[in-house]
Amino acid sequence: MLKLYKLITTILISFIACSSLNAQIDSLTDTYLSIANSYLYNNSDSSYKYLELSTTLSKSTESHSLLAESYKTLGIWHYLKSNNDSSHSYLDSAYSLYAMLNDDLGRAEVLKNRAFLIQKSGDIEATVDLFLQCLKTYQSLNKPYEVGQINANLGNSYFRLEAYETAKEKYLQSLRVFNDSDEATQSDIGGTFIALGNTYKALLNYDSSKYYYQAAIRTFDGKQQLAMAFIFNNLAGLYQLQNKLDSAEHYFIKSIEIKKKLGHERGYISSVKNLSEILRAKQDYSKALSYIKDAYDKALVIKDSFLIRDIHIELAEVYHNLGEYEKSNNYFRGFIQLNSKLSGLQKTQIISEMEEKYENEKNTKRITELELQNQQAKNERNLYIFGALTLV
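For clarity, every value in this text was computed on a predicted model and none was experimentally measured.

**A few points about the packing of helix H8 (residues 164–179) against helix H9 (residues 186–202)**
1) Next: Contact geometry for H8 and H9: axes closest at 10 Å, N-to-C directions at 160 degrees. As far as their axial angle goes, H9 and H8 are roughly antiparallel. Note that H8 runs across H9; the crossing there is left-handed. Taken together, the residues of H9 that come into contact with H8 (itself represented by Tyr 164, Ala 167, Lys 168, Tyr 171, Leu 172, Ser 174, Leu 175, Phe 178 and Asn 179) are Asp 188, Ile 189, Thr 192, Phe 193, Ala 195, Leu 196, Thr 199, Tyr 200 and Ala 202.

In structure tokens, the structure reads:
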């Protein structure tokens, strides 16, 4: 009997020791996941190394919840790298584990990331369906902040479908939630103001558009420079639509100065092209030429075929206005050649390049936001709302 007691005691001690070790490993795994998330948007190599560690450790302790979180984050990592097949695979694995654990919140998070992935392929209707599934889950779990995020995501999707009235309603629902939420950030509220400004502009309600852009300026208060640059750019576009050329010039220049300072090349080039159109309308051709030549040089450096093509036609217009017809004809022929080349690409190739541009700008915005706020990155937080900035 004594021997049996000793055996049982030894087994219990071993079990307790093993359980204690597993708990320590799980704690370490959780730490690795936190570090991986903090690096996700600004140091992808380091993020991936910690995700490999968290995946290996969670498998060793058979911690399905931590493994699901690791797979989900790997899905996001591959999404940011445009490795779409790998992203799908990891998100599917995460969803299966969350389903086994009856974790509705986990499943909703995976569905949200699936929606981002499908949206990237251009299937906006399917994206809306996934976001609606997420919305239903978050509502049932009484997650108001997440409900606000999903409504903003839906607003972005409906905007891309040109269903502007529906987009407006989703943004307004999101704004009401954010205003009542302790979790909502400056970016949540300010970003929603920008999205509403864009939407009202698309609806030709210029007074409301101006109101929300100005509300966004007050919200950010100059603290997030890249966000301010996009607000100024969109506000300039609003004044341009109303033929208020002096105001349009003023805000385009404010946007350009910020983007140049931050090294946001594509945004800088696009805004300069818009400014050139304003300056030509004001018959200030020499100033327009100075800006557009600088933008052309930068477009050549980053080798963006679409921007180079668009600047060719703008240079042709400026030189024509200046009476330098030979130069105008040369740039116009360059435009025709580039346009023919780009038009000859397969549709999927064009979409792929444009999506890459969209993702790069979105990631740049996120990285800048991290630097300005000096806080840890979280999985999808604020990713949704700044997507709206590139839509107009």
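**Thoughts on H9**
1) Next: Along its 17 residues, H9 runs 24 Å from first to last C-alpha, staying within 8% of the 24 Å computed at 1.5 Å per residue.
2) Next: Within H9, 15 of the 17 residues are buried, which leaves the element mostly enclosed by the surrounding structure.
3) Next: The backbone nitrogen of Ser 187 has a side-chain oxygen 3.3 Å away, supplied by the residue at the start of H9, namely Thr 185.
4) Next: Positive backbone phi, at 65 degrees, marks Leu 204, one or two positions downstream of H9.

**So, the packing of helix H11 (residues 225–241) against helix H12 (residues 245–262)**
1) Next: Interaxial distance between H11 and H12 falls to 8 Å at its minimum, and their mutual angle equals 155 degrees. Regarding the angle of H11 to H12, the classification is roughly antiparallel. H12 is crossed by H11, and the crossing has left-handed handedness. Facing H11, whose interface residues are Gln 225, Leu 226, Met 228, Ala 229, Phe 232, Asn 233, Leu 235, Ala 236, Gly 237, Tyr 239 and Gln 240, H12 presents Ser 247, Ala 248, Tyr 251, Phe 252, Lys 254, Ser 255, Ile 258, Lys 259 and Leu 262.
2) Next: Across the contact of H11 with H12, the residue classes break down as 12 nonpolar, 6 polar and 2 charged.

**Focus: the pattern of salt bridges**
1) Next: By the definition in use, this model includes 15 salt bridges.
2) Next: One salt bridge connects Lys 72 with Glu 69, and the closest N-O pair in it is separated by 3.6 Å. Linking Lys 72 with Glu 69, this pair stays in helix H3 (residues 64–80), spanning 3 residues, or about one helical turn.
3) Next: As a salt-bridge pair, Arg 280 and Glu 314 come within 2.7 Å of each other at their nearest N and O atoms. Placement of Arg 280 in helix H13 (residues 265–281) and of Glu 314 in helix H15 (residues 305–321) is noted, with a sequence separation of 34 residues between them.
4) Next: Connected through shared salt-bridge partners, Asp 246, Glu 249, Lys 282 and Lys 287 make up one network.

**As for the environment of Met 228**
1) Next: Residue position: Met 228 is located in helix H11.
2) Next: With relative accessibility at 6%, the residue Met 228 sits in the buried group.

**So, the packing of aromatic side chains**
1) Next: For the coordinates displayed, the defined rule picks out 15 aromatic pairs.
2) Next: Centre to centre, the rings of Tyr 32 and Tyr 50 are 5.6 Å apart; their planes meet at 45 degrees, and the pair counts as tilted. You can see Tyr 32 sitting in helix H1 (residues 2–39) and its partner Tyr 50 sitting in helix H2 (residues 44–60), a full 18 residues away along the chain.
3) Next: Residue classification places Tyr 50 among the partly exposed residues on the basis of a relative accessible area of 26%.
4) Next: Grouping aromatic residues by their ring pairs yields a cluster made of Phe 193, Tyr 200, Tyr 211 and Tyr 212.
5) Next: Sitting over the face of the ring of Tyr 79, Lys 120 holds its NZ or CZ atom 5.0 Å from the ring centroid.
6) Next: The ring of Phe 230 has Lys 259 lying over it, and the distance from NZ or CZ to the ring centre is 4.8 Å.

**Focus on H12**
1) Next: The end-to-end C-alpha separation of H12 is 26 Å, in line with the 26 Å expected for 18 residues at 1.5 Å each.
2) Next: Those residues of H12 that sit buried are Leu 245, Ala 248, Glu 249, Tyr 251, Phe 252, Ile 253, Ser 255, Ile 256, Ile 258 and Lys 259.
3) Next: In this structure, the buried side of H12 is in contact with H11, H13 and helix H14 (285–302).
4) Next: Note on H12: the residue one or two positions beyond its end, Gly 263, has a positive phi of about 75 degrees.

**Looking at the side chain of Glu 249**
1) Next: Looking at where Glu 249 falls in the secondary structure, it is placed in helix H12.
2) Next: Setting aside anything within four residues of it in sequence, one finds Glu 249 in contact with Leu 275, Ile 278, Leu 279, Lys 282 and Lys 287.

**Regarding the confidence of the model for the protein**
Low pLDDT means the predicted atomic positions in that stretch should not be read closely.
1) Next: Put simply, the protein has an average pLDDT of 83, and 82% of its residues get 70 or more.
2) Next: The least confident element of the protein, judged by mean pLDDT, is helix H18 (residues 383–386) at 40; the most confident is H8 at 96.
3) Next: Taken together, the stretch residues 4–9 has pLDDT below 50 and engages in 0 contacts with residues farther than four places along the chain or on a different chain.
4) Next: Low pLDDT (under 50) marks residues 346–392, which in the prediction has 113 contacts with non-local residues, meaning those over four places away or in another chain.

**Re the environment of Ile 150**
1) Next: By the secondary structure assignment, Ile 150 is in helix H7 (residues 144–160).
2) Next: For the pair Ile 150 and Cys 134, spaced 16 residues apart in the sequence, the C-alpha separation amounts to 7.3 Å.
3) Next: Contacts of Ile 150, omitting those with residues within four sequence positions, involve Lys 112, Phe 131, Cys 134, Leu 135 and Tyr 138.

Criteria and thresholds
Position labels on residues start from 1 in each chain and follow its written sequence. In keeping with the model being predicted, local features are shown solely for residues with a pLDDT of at least 70 and side-chain atom pairs are shown and tallied solely at 80 or more, while totals for entire chains, interfaces and linings include all residues. Where side-chain values are given, they derive from all heavy atoms of the structure, hydrogens and water being excluded. Convention adopted: a line fitted to C-alpha atoms gives each axis, helices being fitted over their contacting stretch, and angles between N-to-C directions are expressed from 0 to 180 degrees. Counting from the N terminus, the helices are the DSSP runs of H or I reaching at least four residues and the strands are the DSSP runs of E reaching at least two. Angles are sorted into four bins: roughly parallel if under 35 degrees, roughly antiparallel if over 145, roughly perpendicular if 65 to 115, and oblique for all others. When the near helix sits turned anticlockwise from the far one by under a right angle, the crossing is termed left-handed; a clockwise turn instead gives a right-handed crossing. In what follows, a contact means two residues having at least one pair of non-hydrogen atoms within 4.5 Å. A helix is expected to span 1.5 Å multiplied by its residue count minus one. Per-residue accessibility, obtained with a 1.4 Å probe over protein chains only, is compared with the maximum for each type, and a residue is labelled buried under 20%, exposed over 50%, and partly exposed between these values. For the purposes of these results, a polar contact is taken to be a pair of N or O atoms within 3.5 Å, where, inside protein, one atom must be able to donate a hydrogen and its partner to accept one; residues adjacent in sequence count only when each atom of the pair is a side-chain atom. Side-chain classes are defined by residue name, with Ala, Val, Leu, Ile, Met, Phe, Trp, Tyr, Cys and Pro counting as nonpolar, Asp, Glu, Lys and Arg as charged, and the others, Gly among them, as polar. Basic side-chain nitrogens of Lys or Arg form a salt bridge, by our definition, when they fall within 4 Å of a carboxyl oxygen of Asp or Glu. Two rings belonging to Phe, Tyr or Trp (six-membered ring only in the last case) form a pair when the distance between their centres is within 6.5 Å. Interplanar angles under 30 degrees mark stacking, angles over 60 mark edge-to-face geometry, and anything in between is tilted. The rule for a charge over a ring is simple: NZ of Lys or CZ of Arg within 6 Å of the ring centre, and within 35 degrees of the ring normal. The pLDDT value tells you how sure the predictor is about a given residue, anywhere from 0 up to 100.

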